[in-house]
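In case you want the letters, here they are:
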Amino acid sequence: MRILAATDDAGSFKEVICGRGTDTSIPASKQPKEIKQFHSQGLRNRILKMIVHEGILITARANGQLNFHETTDEEYGLISTVQLELKEQKDKVVSLFVTDGLVFVITETGAVTIVDFSTLRDAEPKKMTTQVKGPVSTFIPHPTQFGVFAYGGKENDVKILRLIPEDLQAHLFKKSKKHVKLTPEQFLYQAKNVKNDKLDLRVPVHPSKLQFINLENHTADSWELLSVTRHGHVRTYDTTHGRKPKTTHTLTNRPILNVALTSNPSEIVCSDDHVTTATFDITTGKLMGKFKGAVGAVQGVHTSGDLIATGGLDRYVRVFDIDGRETIAKVFVGSKISEVWLLDTEDLEEDEQEAEVAQDGKKNKKKRELAEEDEDEDEVWNQLEALEKKSTKKAKKE
Amino acid sequence: MGTSEQGKIKNKMRRQKLFSALKHEKNKTRHKERATRAKEERANPELKEERLKNNVPATIESKRVFDETVGAEVEGEDDFSSYFDGREPKVLLTTNANARKAAYEFADILMEAIPNVTFVKRKREYTVKDISGYCANRDFTDLVIINEDKKDVNGITFVHLPEGPTFYFSITSLVPGKKIAGHGKATDHIPELILNNFTTRLGQTISRMFQSLYPQKPEFEGRNVVTLHNQRDFIFFRRHRYIFRNEEKVGLQELGPQFTMKLRRVQKGVKEEIEWEHRPDMDKDKRKFYL
């Protein structure tokens, strides 16, 4: 497995190469093949968001820099850098993604920067900016429809938005700037808050992450969305169903920070600001099972195939099997982690052979242990008998 | 089971007598052995050395569960970096809302033990987050909050400003200086600081937090020293005055207070995401330590 982890303390990212069964907490178990640190820039310039697209690693740093790195390069060479224009010093990047050849970076105040992915090898990659209504805590693209996005933030309920007119597809950066008009105010859907609670108090609004779900039901003017909130709710929206959420469940009383979809459409993986990372059933709101082990809050989650990687404040990268929920790898990286990315999940070849040997070894070991236990028990009984005999003799002497 | 029934001495008095006689015999032989061994070793000190080398007792510490973070280097920077770059500590001390006498008494004690500290009476209308904001604006570097419950001090919170982290410790075995036999009177010199045994990565964070409460002034006066000694995840606070009587002997006088802290929670920022939290099942394995 190759895992990338954005590490806060040194403001760098680390590459971890390890096989299945790696556990740095047990000296006798398998150790990671390699942990290497790249592009350290200090805590103040730490990486906030990180993604990999077509072999290019894109990182957004706290100082407003967008860096592009080559993942095929052993040293993760820097291809180019784009400086974002942050209005406030405390403004930070909340979302970073690539869709239709466009790199999107969105900050908390709602500043959207679009960079042309095809020109990132140029001296100065092409970019344009626009503004959506803030505050924003998450901003996501529609996986299939061009120019459609969803976002939400603190007291800023879920919205679906047509940011880029459809006729601009594929030539957003080719036309002159005069002809390009982005439409950040064209909302396709605006959600409404749920009813007041049983004490007739308003339920606070703060979606933390969104996901488009059930893509097969989507049409040009109807969508289905899933949102998790900083108040522990998970909500599903169906735009044909009305402006209020179709379902809402309270999973925990802590803020949910991350969400990942699984192969099962009714199950999601959530992580909160405590130590819990777990799968939940969104139709019933029930906890299905926890991913155990984390001691600190999980900050970054990434799924790839049937594996999920987590990294957080306890300075460990953990890889789990989503269905069985067992830990596949656990690696101490020495620094708080803000983001993780599973680059490839293939097991190292030598590891596979080793694993077989290890399994045989384990079976034998078990047998040996059992035999030893029997012997131990026999010994104890023998000793006891000897003691009894002794005491009888003494009694006779007296 | 039949044999054991037969072998047992049925008379309890006799059984006890027999047992005590046996024990006495054992004790006697042991003392004899020790006396002869001491004699031999006095004549030949090498024997003692060898015996001590071969006879290392197994302790919980020596059987400690492997922890890869022990001795791990502090990578890059953390929130305490500004202190190590020369920012002077300035501490605000307060209590929980509606605190009683015990909290104020403890605050008095802490005022003597922490330099450059200001006490402010807690008001109910301000949350910890509010207070942290006000303090950060006034260049305070740390906020310390004493927690009192049922007329007893039972916890203490440290918030490093301006951006956290937040630490919560429980407090037990608090003995004020006055109750310590032969105690001295503390002077208002800046004490030296001894941090013992903070080995893991989490332990290093804790020790850096305590360090950042005390000014970095190498020219110490007043010969007094604050010790924070970590043993099995309990942190012991002690304060002494020392004197070098001659080249070999050092005199110690305890100044007090004494108390024991146990880490319960570390949070990022001002009481935000959990970085580490004590769970009861962490005590299951007696050989596993986190600091």
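As the structure is a prediction and not an experimental result, all values here were calculated from the model.

Reading the values: the criteria
- Throughout, a residue's number is its position along its own chain's written sequence, starting from 1.
- Lettering for chains starts from A, numbering for ligands starts from 1, and both go in the order in which the items are written.
- pLDDT decides what is reported in this predicted model: residues at 70 or higher carry local features, side-chain atom pairs at 80 or more are listed and counted, and totals for whole chains, interfaces and linings draw on all residues regardless.
- The side-chain numbers reported here are obtained from all heavy atoms of the structure, hydrogens and water having been left aside.
- Secondary structure elements follow DSSP: runs of H or I no shorter than four residues count as helices, runs of E no shorter than two count as strands, and numbering proceeds from the N terminus.
- When a residue's accessible area, from a 1.4 Å probe over protein chains only, is under 20% of the maximum for its type it is buried; when over 50% it is exposed; and in between it is partly exposed.
- In this description, contact between two residues means that some pair of their heavy atoms is separated by no more than 4.5 Å.
- Two parts placed together each lose some accessible area under a 1.4 Å probe, and the buried area is that loss summed for both.
- Any Lys or Arg side-chain nitrogen found within 4 Å of a carboxyl oxygen on Asp or Glu counts as a salt bridge.
- Pairs of N or O atoms are called polar contacts if they sit within 3.5 Å, as long as, within protein, a hydrogen donor faces a hydrogen acceptor (for residues adjacent in sequence, only side-chain-to-side-chain pairs).
- Lys, Arg, Asp and Glu make up the charged group, whereas Ala, Val, Leu, Ile, Met, Phe, Trp, Tyr, Cys and Pro make up the nonpolar group; the residues left over, Gly among them, are polar.
- Think of it this way: DSSP has to see at least two bridges between two strands before they count as a pair.
- UniProt positions are given in the numbering used here, feature names are shortened, and annotations may be inferred rather than shown by experiment.
- For the purposes of this section, nonpolar cores are sets of buried Ala, Val, Leu, Ile, Met, Phe, Trp, Tyr and Cys residues that join through side-chain atoms within 4.5 Å.
- A patch consists of residues whose relative accessible area exceeds 30% and which take part in no salt bridge; residues with like charges are grouped when within 9 Å of each other, and nonpolar side chains (Val, Leu, Ile, Met, Phe, Trp, Tyr) when within 5 Å.
- Reported accessibility uses the Shrake-Rupley method at a 1.4 Å probe radius. Residues are deemed covered only where the shown protein chains occlude them.
- Only four residue types enter the tally: Lys and Arg on the positive side, Asp and Glu on the negative side, with His and both chain ends excluded.
- All charge positions are set by atom: Lys at NZ, Arg at CZ, Asp at CG, Glu at CD.
- Axes here mean lines fitted to C-alpha atoms, for a helix over just the part in contact, with angles spanning 0 to 180 degrees between N-to-C directions.

Draft legend 1. Representation of the side chain of A:Asp273 within the structure. Relative to the assigned elements, A:Asp273 resides in the loop between strand E22 (267-272) and strand E23 (277-281). For A:Asp273, a relative accessible area of 6% translates into the label buried. Sequence-distant contacts of A:Asp273, defined by excluding residues within four places in its chain, comprise A:Arg254, A:Pro255, A:Leu257, A:Ala297, B:Glu272, B:Glu273 and B:Ile274.

Draft legend 2. Up close: the interface of chain B and chain A. Tallying the contact residues gives 28 residues for chain B and 32 residues for chain A. For the pair chain B and chain A, the summed buried surface comes to about 2,500 Å²; carbon and sulfur atoms form 53% of the total. In this structure, the connection of chain B to chain A is made through three salt bridges. A salt bridge links B:Arg201 to A:Asp9; the nearest nitrogen and oxygen atoms lie 3.9 Å apart. At the boundary of chain B with chain A, the tally comes to 10 residue pairs in polar contact (both at pLDDT 80 or more). Elements with a contribution of two residues or more to the side of chain B that touches chain A: helix H1 (2-7), helix H2 (12-43), helix H7 (201-211) and strand E11 (274-277) of chain B. Taken together, the residues of the side of chain B that touches chain A sort by class into eight nonpolar, seven polar and 13 charged.

Draft legend 3. Broad picture of the pairing of strand E29 (residues 337-344) of chain A. Residues and elements named next belong to chain A. Burial within E29 is extensive, with six of its eight residues counted as buried. Here strand E1 (residues 2-7) pairs with E29 via six bridges, running antiparallel. When the bridges of E29 are listed, isoleucine 3 appears paired with leucine 342.

Draft legend 4. The arrangement of the UniProt feature "domain: Brix" (unreviewed entry) in chain B in detail. The residues that UniProt annotates with the feature "domain: Brix" (unreviewed entry) are residues 89-272 of chain B. For residues 89-272 of chain B, the end-to-end C-alpha separation is 23 Å, with 18% helix and 40% strand making up the annotated structure.

Draft legend 5. A look at the nonpolar core. Among the nonpolar cores identified, the biggest contains 41 residues, and B:Phe169, B:Ile206 and B:Phe210 are the most heavily contacted of them. Counting residues per element, this core draws most heavily on helix H5 (residues 101-113) of chain B, which supplies seven residues. Each residue touching B:Phe210, except ones within four places of it in the same chain, is listed here: B:Phe158, B:Phe169, B:Leu193, B:Leu195, B:Leu228, B:Ile235 and B:Met261. Within the second largest apolar cluster, 28 residues are counted, among which are A:Val52, A:Ala62, A:Leu66 and A:Val103.

Draft legend 6. Broad picture of a negative patch on the surface. Taken together, the side chains of A:Glu34, A:Asp73, A:Glu74 and A:Glu75 define an acidic patch exposed on the protein surface. With respect to the helices, strands and loops of the structure, A:Asp73 is situated in the loop between strand E7 (65-70) and strand E8 (78-83).

Draft legend 7. Molecular detail of the pattern of salt bridges. Evaluation of the coordinates by the stated rule reveals 25 salt bridges over all chains. Here B:Asp67 ties to B:Lys288 by a salt bridge, and the two come within 3.8 Å at their closest N and O atoms. Here B:Asp67, found in the loop between helix H3 (45-54) and helix H4 (81-84), pairs with B:Lys288, found in the segment after E11; they are 221 residues apart in sequence, far enough to count as distant. Note on B:Asp67: relative accessible area 11%, which makes it buried. Residue class for B:Lys288 comes out partly exposed when judged on its relative accessible area of 24%. For B:Asp78, the salt bridge is made with B:Arg208, and the minimal N-O distance between the two is 2.9 Å. Pair noted here: B:Asp78 is in the loop between H3 and H4 and B:Arg208 is in helix H7, with a separation of 130 residues, a long-range link. Taking the relative accessible area as the measure of exposure, B:Asp78 reaches 11% and is therefore buried. Salt bridges sharing common partners tie together A:Asp9, A:Arg315 and B:Arg201.

Draft legend 8. Representation of the sheet that holds strand E9 (residues 93-99) of chain A in the model. Residues and elements named next belong to chain A. Taken in spatial order, the four strands make up an open sheet running E9-E10-E11-E12, and their pairing is antiparallel. Sheet topology places E9 and strand E12 (127-131) at the edges, where each strand pairs with a single neighbour. Here the average twist between neighbouring strands, direction ignored, is 15°. Judged from the five bridges that link them, strand E10 (residues 102-107) and strand E11 (residues 111-116) form a sheet pairing that is antiparallel. When the bridges of E11 are listed, leucine 102 appears paired with aspartate 116.

Draft legend 9. Spotlight on the sheet that holds strand E2 (residues 12-17) of chain A. All names here are of chain A. The four strands are arranged E4-E2-E1-E29 in an open sheet whose pairing can be described as antiparallel. With one partner strand each, in any of the chains shown, strand E4 (34-38) and E29 form the two edges of the open sheet. Looking at each pair of strands side by side, their axes are set apart by 20° on average, direction ignored.

Draft legend 10. Layout of the environment of A:Pro141. Residue and element names in this part refer to chain A. Counting through the fold element by element, proline 141 comes out in strand E13 (residues 138-141). Once the C-alpha coordinates of proline 141 and phenylalanine 97 are considered, the two residues, 44 residues apart in sequence, prove to be 7.9 Å apart. If near-sequence neighbours (up to four positions away) are discounted, proline 141 is found in contact with Phe97, Thr99, Val148, Phe149 and Phe212.

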